[in-house]
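Residues per chain are reported as follows:
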Amino acid sequence: MSNQVWQARKQQVIAQGMGNLNPLYVETAKNAEIWDIEGNRYIDFGSGIAVNNTGHSHPRIVEAVKAQLDNFSHTCAMVTPYTSFVELAEQLTARAPGNTAKKAVFLTTGAEAVENAIKVARAHTKRSGVIAFKGGFHGRTNMTMGLTGKVAPYKAGFGPFPGEIYHAPYPNAFHGISIEDSLQAIDDLFACDIEPSRVAAIIFEPVQGEGGFYQAPPAFAQALRELCDKHGILLIADEIQTGFARTGKMFATEYLGIEPDMMTMAKGIAGGFPISALVGKANIMDAAGPGGLGGTYAGSPLGCAAGLEVLKIIDEEQLCEKALKIGEVMTSHFRALQSDFPVIGEVRNLGAMIAVEFVDPQSGAPMADLTKSLVAQAREEGVILLSCGVKGNVIRFLPALTIEDEILAEGIEKVKKALAALV
Ligand SMILES: Cc1ncc(COP(=O)(O)O)c(C=O)c1O
């Protein structure tokens, strides 16, 4: 049966809120390539939204998960735990930036990791307020929607959101928001909306993901750290999209010269198996009482087995170095296109989190329609692309860090061809 037939069947039974960017149905996927049920091949520049940093079906991850499946698939870590659960926590707490002793808790999704970060921050500080950033994305649950700073499609129609959440602008050199502008806005929040002594946490993404791949400058992160220390506020780094070698470091926070109080991790953590983590300073993480954190599937044994293997692969296959190389290759190709395609307003990256932003060369207006058409045209050429940005005018490239050089080059050529067909 064809993709078209399955898409029609999908539309009959899946609520439209769960949209799909590409009406193609996957048969198999290997490293950076996907084949659909019609036998079409695609180069995957989305990696399941930054999940398959280690590629699709990395043989070592498949083997580790199969071995785990042969033993058991679920007992519930809160009832009868298993050693991989402790081992993965040991690894993550040791690898999280900063010297302070750390503890972890495992969950299932990214949104849950963020939810738990806020729970822990409130339990520890006994305060309620949270400051997040415009353009930020933290998930689709009620609290994380509230923290998210992008209305369509994530918040529209879903309110009311939890109280005591405030948004400040995120620094953005391309759009003229300076570090000082952002810090001033937080100061204004303290003057107009909530006194700092009632703020439990400030949560930020080291690189805004959904928001458009804008990077937090180190000076901004350091200023946030100082502000938090001054007022007893906890600083939470949401590393769900940036973690696990994606940016050329294990965690993007390592570029910032700060130690956050807590970090959220998911996506790349286990190469496609649903597990997430909250890692933070031990004295803070222990604020929640026994039974207060967790979930039935939290820290699934399949996720733990996959997660331990992912860490070994990152080390042994030098995926941080590979992320930097991919970033260089892609940015140099797309920058070289800027003179022929003046709609490319900016090409930016941190490692293999690469973005191309499309704006009208005359007016500077965001070109969301072109961006959407490029996703569709690239699919025709055989490349899976993801868009992002509050205005929907950014293409984000998130190839597997294990991508073969020739597949990367082929994919870039196809994107060029798709763009040339549109402008
Ligand atoms: C930075 C960030 N935080 C949180 C989330 C939510 O993760 P999940 O979709 O697994 O709930 C995402 C997902 O895209 C994300 O990029």
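Residue numbers here run from 1 along each chain, matching the order of that chain's written sequence. Totals for whole chains, interfaces and linings use all residues, but because this is a predicted model, local features are given only for residues with pLDDT of at least 70 and pairs of side-chain atoms are given and counted only at 80 or more. As a rule here, side-chain values cover all heavy atoms of the structure and leave hydrogens and water aside.

Observations regarding the domain arrangement of the protein chain
Note on interface size: it is often stated as the accessible area lost on association of the parts.
Then step 1. What marks off one domain from the next here is an automatic or database domain assignment. Assigned domains within the protein chain: domain 1 (3–54 + 317–422) and domain 2 (62–316).
Then step 2. Computed from C-alpha atoms alone, the centre-to-centre distance between domain 1 and domain 2 is 25 Å.
Then step 3. Every contact between the two is made by 35 residues of domain 1 and, on the other side, 33 residues of domain 2.
Then step 4. Buried area counts how much accessible surface, traced with a 1.4 Å probe, disappears from two parts once they are put together, with both parts' losses summed. Both faces combined, the contact of domain 1 with domain 2 buries some 2,700 Å², and carbon together with sulfur accounts for 60% of it.
Then step 5. By the criterion of area lost to domain 2, the three top residues of domain 1 are C320, L350 and M353, representing 24% of everything that side buries.
Then step 6. Whenever Lys or Arg places a side-chain nitrogen within 4 Å of a carboxyl oxygen from Asp or Glu, that contact is recorded as a salt bridge. At the junction of domain 1 and domain 2, the tally comes to 1 salt bridge.
Then step 7. Of the charged contacts, one joins R396 and E210 as a salt bridge, the two residues approaching to 2.7 Å between their closest N and O atoms. The contact criterion used is simple: two residues touch if any of their non-hydrogen atoms lie within 4.5 Å.

As for the side chain of S300
Then step 1. Only DSSP runs of H or I covering at least 4 residues are called helices, and only runs of E covering at least 2 are called strands; the numbering of each starts at the N terminus. Mapped onto the secondary structure, S300 falls in the loop between α9 (282–285) and α10 (301–316).
Then step 2. Buried means the residue's accessible area, taken with a 1.4 Å probe over protein chains only, is under 20% of the maximum for its type, while exposed means over 50%, and partly exposed covers the values in between. The exposure class assigned to S300 is buried, which follows from its relative accessible area of 14%.
Then step 3. Once residues within four sequence positions are removed from consideration, S300 is found in contact with Y82 and I275.

As for the pattern of salt bridges
Then step 1. Tallying each qualifying case throughout the model produces 21 salt bridges.
Then step 2. With a closest N to O distance of 3.2 Å, R198 and E195 form a salt bridge.
Then step 3. For R198, a relative accessible area of 30% puts it in the partly exposed group.
Then step 4. A relative accessible area of 36% places E195 in the partly exposed class.
Then step 5. Between D229 and R225 there is a salt bridge; the shortest N-O distance is 2.8 Å. One end of the pair is D229 and the other is R225, both in helix α8 (residues 218–231) and 4 residues apart, which spans about a single turn.

Some words on the packing of aromatic side chains
Then step 1. Only the six-membered ring of Trp is used, alongside the rings of Phe and Tyr, when aromatic pairs are assigned; centres must lie within 6.5 Å, and planes under 30 degrees apart are stacked while those over 60 apart are edge-to-face, with the rest tilted. Summed over all chains, the structure comprises 10 aromatic pairs.
Then step 2. A centroid spacing of 5.9 Å and a plane angle of 65° characterise the contact between Y82 and F85, whose relative ring orientation is edge-to-face.
Then step 3. For F85, a relative accessible area of 24% gives the class partly exposed.
Then step 4. Ring centres 5.7 Å apart and planes at 75° place the aromatic pair F133 and F220 in the edge-to-face group. Pair noted here: F133 is in strand β5 (residues 129–133) and F220 is in helix α8, with a separation of 87 residues, a long-range link. For the pair F133 and F220, one class covers both residues: buried.
Then step 5. Following the ring pairs from residue to residue traces out a cluster consisting of F72, Y82, F85 and F106.
Then step 6. Only lysine NZ and arginine CZ atoms are considered, and such an atom sits over a ring when it is within 6 Å of the ring centre and within 35 degrees of the ring normal. Over the ring of W6 we find R9, and its NZ or CZ is 4.1 Å from the ring centre.
Then step 7. The ring of F161 carries K155 above its face, with NZ or CZ at 5.1 Å from the centroid.

Details of the side chain of E33
Then step 1. In this fold, E33 is placed in strand β2 (residues 33–36).
Then step 2. Within 3.5 Å is the distance limit for a polar contact, defined as a pair of N or O atoms, with the added protein rule that one can donate a hydrogen and the other accept it, and that residues adjacent in sequence qualify only through two side-chain atoms. For E33, the side chain forms a polar contact with the side chain of R41, separated by 2.6 Å.
Then step 3. Those residues in contact with E33 that lie beyond four places of it in its chain are R41, Y42, H56 and I407.

Re the site of the ligand
Then step 1. Residues are classed as near a molecule or strand on a simple rule: at least one heavy atom within 4 Å of it. Neighbouring the ligand are the residues T109, G110, A111, F137, H138, G139, E205, D238, I240, Q241 and K267.
Then step 2. For the ligand, an oxygen atom lies 3.0 Å from a polar atom in the side chain of K267.
Then step 3. Surface accessibility in these figures is a Shrake-Rupley result with a 1.4 Å probe; residues are shielded only by whichever protein chains are displayed. When the free accessible area of the ligand is taken as 400 Å², the share hidden by the protein chains comes to 84%.
Then step 4. Taken together, the residues of the shell around the ligand sort by class into 3 nonpolar, 5 polar and 3 charged. When residues are grouped by polarity, Ala, Val, Leu, Ile, Met, Phe, Trp, Tyr, Cys and Pro land in nonpolar, Asp, Glu, Lys and Arg in charged, and all others, Gly among them, in polar.

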